[in-house]
Amino acid sequence: MGRRAPRPLLLALVWLAFGHGRVVRVPTGTLVRVVGTELVIPCNVSDYDGPSEQNFDWSFSSTGSSFVELASTWEVGFAAQLYRERLQRGEILLRRTANDAVELHIKNVLPSDQGHYKCSTPSTDATVQGNYEDTVHVKVLADALMVGPSVRPPPSLSLREGEPFELRCVASTASPLHTHLALLWELHRGPMHRSILALTHEGRFHPGPGYEQRYHSGDMRLDTMGSDAYRLSVARALSADQGSYRCVVSEWITEQGSWQEIQEKAIEVATVVIQPTVLQAAVPRTVSVVEGKELDLSCNITTDRVDDVRPEVTWYFKRTPESTLPASHMLARLDRDSLVHSSPHVALSHVDARSYHLLVRDVSKENSGYYFCYVALWVPGHNRSWHKVAEATSASANVGVIWLEPDYQVYLNASKVPGFSDDPTELECHVLDMKSVEASVRLTVSWYYRMNRRSDDVVTSELLAVMDGDWTLRFGERSKQRAQDGEFIFSKEHTDTFSFRIQRTTEEDRGNYYCVVSAWIRQRNNSWVKSKDIFSKPVSIFWASEEPMLVVKARQPKPFFAAGNTFEMTCKVSSKNIKSPRYSVLITSEKPVGDLSSANETKSIISLDQDSVVRLENWTDTARVDGIVLEKVQEDEFRYRMYQTQVSDAGLYRCLVTAWSPVQGSLWREAATSLSNPIEIDFQTSGPIFNASVHSDTPSVTRGELIRLFCIVTVEGAVLDPDDMAFDVSWFAVHSFGLDKAPVLLSSLDRKGVVTVAQRDWKSTISLERVSVLEFLLQVHGSEDQDFGNYYCSVTPWVKSPTGSWQKEMEIHSRPIFITVKMDVLNAFKYPLLIGVGLSAVIGLLSCLIGYCSAHWCCKKEVHETRRERRRLMSMEMD
């Protein structure tokens, strides 16, 4: 037995003192069941925070005062002897639905099961919090529900689709309580069952899924016949109505405003079999008709229905026998009201009740194909509705139209053949021997391309353009963009001539081309239908690809003799295997072989492009921008002039020529590039010779001292006035023991006296000054360790010519001089020595002080001598 329920006053006091605790709940009110049915009583605990699963005890009392143990979830021997046999048979069992919920199941309820059922939760809590048990009353009624069909055994109805049928079910109850009956008609077909129409316990009608429209239209009804009969009426049977019909009756009772279903019974009423309607449609298999005549086809119907059925006949047309009904074209239709729907050239007639004729006037080639008829039988339904009971589609009738085909030949030739890439190509497709080509025939053309391959390779043709019967021109993927850009031109020159032109033929266009001429026939609706295709023989478009050749020869028309004169060079160009070339020219220069004054690199001076646009390249002498000229003398000849030449202009001069071929109108493609032979500018003069050297009074300095470097220029040969000489001086340094690193510019001074100093990352500073006409002083103030290395100067002399102009001489470089930066040892160690001596003196004095204190206070020892011993010593002295 579970714990007894506390008194109501005690429960109220616990509720107020501890708040809401554990509460056991079962259904409220009275549960009503019928003998032989199943009883299910749920019980759950709210606000449960105990172990993972709550234990439940069930007890039963027929009077509500003394309870007998019924079942328990945690104690096997909990049940009384009276119920143990039913527990073992499984008629009474507990089913856990959650950790805090359980259901009591009693199968096949007996009259003795009427009474009170108590659900309790055993607890070991120190204090009572909540309600640990709850009781529900169960009332058991005798089975007073009677359900049965109106006819036994259940009949089997055989119907045709569209015919009506009725089914009846008898249901009544003799229950002493006020109960209500609910009825549901179900259709069973194999494992599947569907709800058709229901009358609820509240007197409402509910059609099942899929039956709503038939119920609302009145095609399906549920009526009561007297007090205990229920009739299902179907006005028009459908093929889906075939199956076994069951009548399901449930008994309901209301308790405290809520409905309870106390029992349910079902019985099979009848089996309905729907016989399909026989319907066949037939047309002729093969029909031939002459073009321009009438086509007459008959659709013959065969059916077993003799009642009030309405046929609907539709004729269809399709091009191929494999086409399906949705892809076919409807020609004419006779609906169930005998109304004909057709086009002006097609008629549909009703010869008798089973034969329907299709008439097509003035047939043409487009009428060749397959014809078939579709027939549907309709029966009238409820509220002027119609229902289709059968449908059939005939086999296809193959109709061939006999007509006179046009006869002609096609010939393709190339009127323009390209010799180079970007040359035009023109093909002409001619129609020959046009026999029996009438005015109703229109000729169009299609162009195709096929790439040249080996004989054993599979080659597919690519469509370039196709012309339809209405003169609509459609392009293929290969030619669409180029046709829109105007590179491909398709035209019709004459009635029997079509042309195809490629404005600029590329290497990808090489291959075989052929044309296809199509004959189109005009139809009654002024549309055009293709009737014939004639292919031409292919024409090959091909040219041999040879490497372009370009040769440039440079020459000097007039000998060059001295600085200040004009230098002239002409470049003659010849090309081969280049179509319509245009040339761009670039003038380059480089130092002659053996000149070690500067790097032997090529310098671009001036250029002229294929459109004759001149541009200065790397010409840095701003004072002589107008002193160089490059011009085109002829299409293949160019001339370069340099006025007021200077000694620094000495070197090798060449023409770098690039040949360009035109592509796509204003665009150019580079075809070849060639470099001419060199023309040398060499000044044979007896002028002064300049040399540069570096001298230093301080090749080895201590860090922080001044470094002085002199760049001395010497002049040999002709004697010059100091006013006729000027120099550009630049100082460089290589901060390493060798010359393996790149030189660093330190400072420069131009011939006008402007000094430029480079940025440096350390503290030392640099100054550059002109000491005399031929001497230049570089000073490094506050030298650092990083200032060591090789130093040299670069000098560019300028000499005034007799005409008063300044001539730039060749740049000269001095030999490097190595500068050493040493460390000042005395200054470096002065302060460390002073600090060391001071620290040593302090430490020594401190050590002496510590030793004295230790000897005076810690190591003092007294010596005790007896007088006897002292006398003995004295006597020894006296002796």
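Whatever comes next refers back to the structure up there.
Keep in mind that this is a model prediction, so the values were computed, not measured.

Calculation criteria
Residues numbered from 1 in each chain as written. Predicted model: local features only at pLDDT ≥ 70, side-chain atom pairs only at ≥ 80, totals over all residues. Heavy atoms only, no water. Core = buried A, V, L, I, M, F, W, Y, C linked by side-chain atoms within 4.5 Å. Buried < 20%, exposed > 50% of the residue type's maximum accessible area, 1.4 Å probe, protein only. Contact = heavy atoms within 4.5 Å. Phe/Tyr/Trp six-rings, centres within 6.5 Å; stacked < 30°, edge-to-face > 60°. Helix = DSSP H or I, 4+ residues; strand = E, 2+ residues; numbered from the N terminus. Lys NZ or Arg CZ within 6 Å of the ring centre and 35° of its normal. Disulfide = S-S within 2.5 Å. Salt bridge = Lys/Arg side-chain N within 4 Å of Asp/Glu carboxyl O. Pairing = 2+ DSSP bridges. Axes fitted to C-alpha atoms, helices over the stretch in contact; angles between N-to-C directions.

A.B. asks: Go over the nonpolar core with me, naming the residues and quoting the values.
C.D. replies: Ranked by internal contacts, the top residues of the largest apolar core, which has 33 residues, are Leu295, Leu297, Trp315, Leu358, Tyr371 and Val375. Beyond its immediate sequence surroundings of up to four residues, Leu295 is in contact with Val287, Leu358, Leu359, Val360, Val363, Tyr371 and Val399. In terms of nonpolar packing, the next biggest core, distinct from the first, is built from 31 residues, Ile578, Val585, Ile605 and Val647 among them.

A.B. asks: So what's going on with the packing of aromatic side chains? Which residues, and what values?
C.D. replies: Per the stated rule, a full pass over the model turns up 22 aromatic pairs. Ring geometry for Phe475 against Phe490: centres 5.9 Å apart, planes inclined by 40°, an arrangement best described as tilted. Separated by 15 residues along the polypeptide, Phe475 in strand β36 (residues 473-475) and Phe490 in strand β37 (residues 488-494) bring together distant segments of the chain. Linked through ring pairs, Trp447, Tyr449, Phe475, Phe488, Phe490, Phe500 and Tyr513 together constitute an aromatic cluster. When the ring centre of Phe67 is taken as origin, the NZ or CZ atom of Lys118, which lies over that ring, is 4.4 Å away. Between the NZ or CZ atom of Arg751 and the centre of the ring of Trp798, over which it lies, the distance is 4.1 Å.

A.B. asks: Break down the state of the cysteines for me, citing the residues and quoting the values.
C.D. replies: Under the criterion given, the structure shown has six disulfides. Through a disulfide, Cys571 is tied to Cys655; the S-S separation comes to 1.7 Å. As the torsion about the S-S bond is roughly 65°, the Cys571-Cys655 disulfide counts as right-handed. Of this pair, Cys571 sits in strand β43 (residues 567-576) while Cys655 sits in strand β49 (residues 651-663); the two residues are 84 residues apart in sequence, bridging distant segments of the chain. Here Cys571 matches Cys655 in class, with each residue buried.

A.B. asks: Quick one: what's the story with the pattern of salt bridges, residue by residue and with numbers?
C.D. replies: Per the counting criterion, the structure on display carries 33 salt bridges. Across the pair Glu91 and Arg86 runs a salt bridge whose closest N-O atoms are separated by 3.4 Å. Under the relative-accessibility criterion, Arg86 is labelled buried at 8%. The closest approach of N and O atoms between Arg221 and Asp223, which form a salt bridge, is 3.1 Å. Owing to a relative accessible area of 46%, Arg221 belongs among the partly exposed residues under this scheme. Through salt bridges that share partners, Glu85, Arg86, Arg89, Glu91 and Asp113 make up one connected network.

A.B. asks: Residue-level account of the sheet that holds strand β48 (residues 637-642), with values.
C.D. replies: Strand order in this open sheet of four strands is β42-β43-β48-β47, and the pairing throughout is antiparallel. The open sheet has two free edges, formed respectively by β42 (549-555) and β47 (628-634), since each of these has just one partner strand. Direction aside, the axes of adjacent strands within the sheet are offset by 20° on average. Pairing between β42 and β43: seven bridges, direction antiparallel. Opposite Lys553, over in β43, you have Lys572 as the bridge partner.

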